[in-house]
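Structural description and commentary
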Amino acid sequence: MSDRQILRVMPREMRMMSERIFSLTALPKGFALMLTDTVMYSQAMGLGGFAHLETGIEALKAADPQRLKLTEDRDGSLRMDCGGQHAWIVLPSVLDLLGLEAARRDGARILLENLTHPEELALAEGFGLRLGLAVKVSGEVVSARACPPEDPVLDRALKDGCRIPAELWWRIWALAQTALTPDSVISRRHAGVNIVTEDGQIIGRTDNDDDTDPNFINSVGLKTKEATP
């Protein structure tokens, strides 16, 4: 595949597409927002990335984070039944638990069971660093210890973006567009503060939606001028 068929996509665009696509799922709004960077990190770390999002979107639409169940064994070790959920869905809870346990003791360890797409769990190593956690994934066991926070994955993405095949990216873009209200006269009339007639003419703005107060700016300017000798 030639370089002309590869796009270098920056974090802003990757985050925007991911947020829109996750809004198509039944996930709670707050939880879906927690996953905004997940696909970008997966892409940047050489995991499934946006190709995995495209092929797995139907399973993600049916995801339910409430199916996660945490138990503590007699020796104090933690065990999580992931309820058949995707590793991306499990990731936020695992990171929260690792951070809590690592703050209370020298290290943290969680055994994960009944998890789908466990290869994507490697994301915990990238996300952990920005939370001050050195995470290690070994099979079904995730462990962590405290470390100085850094974010090399995001640093690389901000500098160089991620290389994504053009045909894949435009399919992702098209999927994300389905989360938006279709363009129509009605949708345009309800977008922003502009007053738009039925035939599409802009005839003004709604003052109560405009937070610019020119009188305040003018009064500041007058006071500054008066204070000048």
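Residues numbered from 1 in each chain as written. Predicted model: local features only at pLDDT ≥ 70, side-chain atom pairs only at ≥ 80, totals over all residues. Heavy atoms only, no water.

**Digging into the overall build of the chain**
Regarding its fold elements, the chain presents 10 helices and 9 strands. In the chain, buried positions account for 37% of the 229 residues. A sequence separation of at least 24 residues applies to 64% of the contacts in the chain between residues at least 6 apart. Carbon and sulfur atoms make up 53% of the accessible area of the chain, which totals about 13,800 Å². (Helix = DSSP H or I, 4+ residues; strand = E, 2+ residues; numbered from the N terminus. Buried < 20%, exposed > 50% of the residue type's maximum accessible area, 1.4 Å probe, protein only. Contact = heavy atoms within 4.5 Å. Areas by Shrake-Rupley, 256 points an atom, 1.4 Å probe, with all protein chains shown as cover.)

**So, empty space enclosed by the protein**
Applying the stated criterion to the full structure yields 1 cavity of 30 Å³ or more. Reported here for the largest cavity is a volume of approximately 30 Å³. Lining the largest cavity, in full, are E19, F22, S23, K29, A32, L33 and T36. Those elements giving two or more residues to the lining of the largest cavity turn out to be α1 (11-22) and α2 (29-34). With 3 residues, the top contributor of residues to the lining of the largest cavity is α2. Grouping the amino acids of the lining of the largest cavity by side-chain chemistry returns 3 nonpolar, 2 polar and 2 charged. (1 Å grid on protein atoms, 1.4 Å probe; cavity = no way out; pocket = protein on both sides within 12 Å on 5 of 7 lines; lining within 4 Å. Points joined across faces, edges and corners; volume = space filled by probe spheres on them. Nonpolar A, V, L, I, M, F, W, Y, C, P; charged D, E, K, R; others polar.)

**Side note on the layout of surface pockets**
Considering only enclosed or pocket space, the largest pocket measures out at about 170 Å³ in volume. Forming the walls of the largest pocket are M34, L35, T38, L91, P92, L95, D96, F127, R130 and L131. For the lining of the largest pocket, the secondary-structure elements that each account for two or more residues are α5 (87-104) and α6 (123-130). By residue number, the principal contributor to the lining of the largest pocket is α5, which donates 4 residues. Of the residues belonging to the lining of the largest pocket, the class tally is 7 nonpolar, 1 polar and 2 charged.

**Looking at the nonpolar core**
Residues F22, F50, L53, M80, L98 and L112 are the most contacted members of the largest nonpolar core, which totals 51 residues. Here this core takes 10 residues from α5, the largest share from any one element. For L98, the contacting residues outside a window of four places in its chain are A108, R109, I110, L133, V135, V142, S143 and A144. (Core = buried A, V, L, I, M, F, W, Y, C linked by side-chain atoms within 4.5 Å.)

**Focus on the packing of α1 against helix α8 (residues 166-177)**
Axis separation between α1 and α8 bottoms out at 8 Å; the angle between their running directions is 45 degrees. The orientation of α1 with respect to α8, classified from their angle, is oblique. At the point where α1 passes α8, the crossing takes the left-handed sense. Here E13, M14, M17, R20 and I21 of α1 come into contact with α8, specifically with W169, I172, W173, L175, A176 and Q177. A class-by-class count of the residues in the contact of α1 with α8 yields 8 nonpolar, 1 polar and 2 charged. (Axes fitted to C-alpha atoms, helices over the stretch in contact; angles between N-to-C directions. Parallel < 35°, antiparallel > 145°, perpendicular 65-115°, else oblique. Left-handed = near helix turned anticlockwise from the far one by under 90°.)

**A short note on unusual backbone geometry**
The backbone phi angle of N114 is positive, close to 60 degrees, even though this residue is not glycine. Take N114: its relative accessible area is 47%, and that puts it in the partly exposed class. In this structure, H117 is a non-glycine residue whose phi angle is positive, near 55 degrees. Considering the arrangement of structural elements, one finds H117 in the loop between β4 (108-116) and α6. Assessed through its relative accessible area of 33%, H117 is described here as partly exposed.

**Details of the packing of aromatic side chains**
Scanning the model with the defined rule gives 3 aromatic pairs in all. Plain terms: the ring middles of Y41 and F127 are 4.1 Å apart, the flat faces sit at 15 degrees to each other, and that makes the pair stacked. One end of the pair, Y41, is in helix α3 (residues 38-44); the other, F127, is in helix α6, and 86 residues separate them in sequence. By relative accessible area, which is 6% here, F127 ends up buried. Measuring from ring centre to ring centre gives 6.0 Å for W170 and W173, while their planes differ by 75 degrees; the resulting arrangement is edge-to-face. Remark: W173 and W170 occur in helix α8; sequence separation between them is 3 residues, near one turn of the helix. (Phe/Tyr/Trp six-rings, centres within 6.5 Å; stacked < 30°, edge-to-face > 60°.)

Remember that the coordinates give geometry; whether it matters functionally is a separate question.
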